[in-house]
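If you want the building blocks of each chain, they are given just below.
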Amino acid sequence: MRTFMLAVSTALLLAQGAAADEVRSTGAVVQVQDLDGIIVHSYTAPDEMFAMTTYVIESVNALVLIDGQMFSPLANDYRAYADSLGKPIDRLLLTHGHPDHYLGLVAFADIAIHALPSTISEIMETGEETRVARQQMMGDIIPNKVVVPTENIALGTQVIDGVTYEFASVQGGEHDPMLITRLPDFNVISVGDTAMNNMHLFLAGNPATWVEVLSELDKDDSYTIVLPGHGLPGDQSMFAESIAYLNKANDLLGASETGDEFKAGMLEAYPDLPVEGAIDFFLPELFPNG
């Protein structure tokens, strides 16, 4: 395990270089954006661990976290990083019911975890079965239990430690439902896995309806900082980039007879994108007959 983590850390350090504010011992990249009223901390897993990104929104007196990582070493380190900021964690917001976002909640079992009601129901019904399957696939870096969120997110506007949060739920994207969180006073929007930045997308949703969701988000150009579920934070250009990727995927899904043919087409179209494993992960579902 130690050798694996060291290799991941070294690979990510070489890949990210000077762009990283900090490379943690786990290989995760932490970037910090001070927006004069809040500080946005992003914690991005190595590409080899799916570039999963979680966030800490730091205000004057408290922290609000978004999502929970998947692998135990990263989840524990993300918690250690949040604790190192020296402010209480007011709550953790879970964007949706995919295991790479909720399995790491075990590191936050003592914190109020908020999610959409149907996301809570989904994890209650399928979380443990999914956890066992992931542990059989990936080993003991998968946590040994599932922590289910207990607090329902009420859609609309809430003020937390003096900061305005706007919560919305969208359907038809990468997963249903997906929590969208806006901080309008700071031009920040968290979109979960609706967008992923500079990487192959996890094709868990219907590309056609997913494009519609992204197009709606892209109509509002007031958000200059976009927080994706995978990849480093960016701007709204990732919406157009994700749309183009999904359109290509949709074309190839219609034209490819096998998963290998589909993957080859995506790699030809996007030869430089990292996280090729995102394609592999959903090939059995996209092409159940091979």
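Residues numbered from 1 in each chain as written. Predicted model: local features only at pLDDT ≥ 70, side-chain atom pairs only at ≥ 80, totals over all residues. Heavy atoms only, no water.

Caption draft 1: Inspection of the sheet that holds strand β7 (residues 113-115) at higher detail. A sheet is described by the order of its strands in space; here 8 strands give the open sequence β1-β2-β3-β4-β5-β6-β7-β8, paired in mixed fashion. One side of each edge strand has no neighbouring strand; the edge strands of this open sheet are β1 (22-23) and β8 (151-152). (Pairing = 2+ DSSP bridges. Helix = DSSP H or I, 4+ residues; strand = E, 2+ residues; numbered from the N terminus.)

Caption draft 2: Representation of the packing of aromatic side chains in the model. Taken as a whole and judged by the stated rule, the model has 11 aromatic pairs. Ring centres of Phe50 and Phe202 lie 5.7 Å apart, and the angle between their planes is 75 degrees; on these two criteria the pair is classed as edge-to-face. Of the two residues, Phe50 is situated in the loop between β3 (39-44) and β4 (53-58) and Phe202 in the loop between β12 (188-196) and α5 (207-218); the sequence distance between them amounts to 152 residues. The residues Phe50 and Phe202 share a single accessibility class, namely buried. A ring pair is formed by Phe202 and Phe281, whose centres lie 6.4 Å apart and whose planes are at 80 degrees; its orientation type is edge-to-face. Of this pair, Phe202 sits in the loop between β12 and α5 while Phe281 sits in helix α8 (residues 277-286); the two residues are 79 residues apart in sequence, bridging distant segments of the chain. Phe202 gets classed as buried once you look at its relative accessible area, which sits at 6%. Through a chain of ring-to-ring contacts, three or more aromatic side chains come together here, namely Phe50, Phe71, Phe202, Phe281 and Phe282. (Phe/Tyr/Trp six-rings, centres within 6.5 Å; stacked < 30°, edge-to-face > 60°. Buried < 20%, exposed > 50% of the residue type's maximum accessible area, 1.4 Å probe, protein only.)

Caption draft 3: Summary view of the sheet that holds strand β9 (residues 156-160). Taken together, 5 strands build an open sheet; the order of strands is β9-β10-β11-β12-β13 and the sheet is mixed. Each of the sheet's edge strands pairs with one partner strand only, and the pair in question is β9 and β13 (225-230). Within the sheet, the average angular offset between the axes of one strand and its neighbour, ignoring direction, is 30 degrees. Against the sheet, α5 contacts β10 (163-170), β11 (178-183) and β12, and its axis sits at roughly 160 degrees relative to β12. Against the sheet, helix α6 (residues 237-255) engages β12 and β13, with an angle of about 15 degrees to β12. (Axes fitted to C-alpha atoms, helices over the stretch in contact; angles between N-to-C directions. Contact = heavy atoms within 4.5 Å.)

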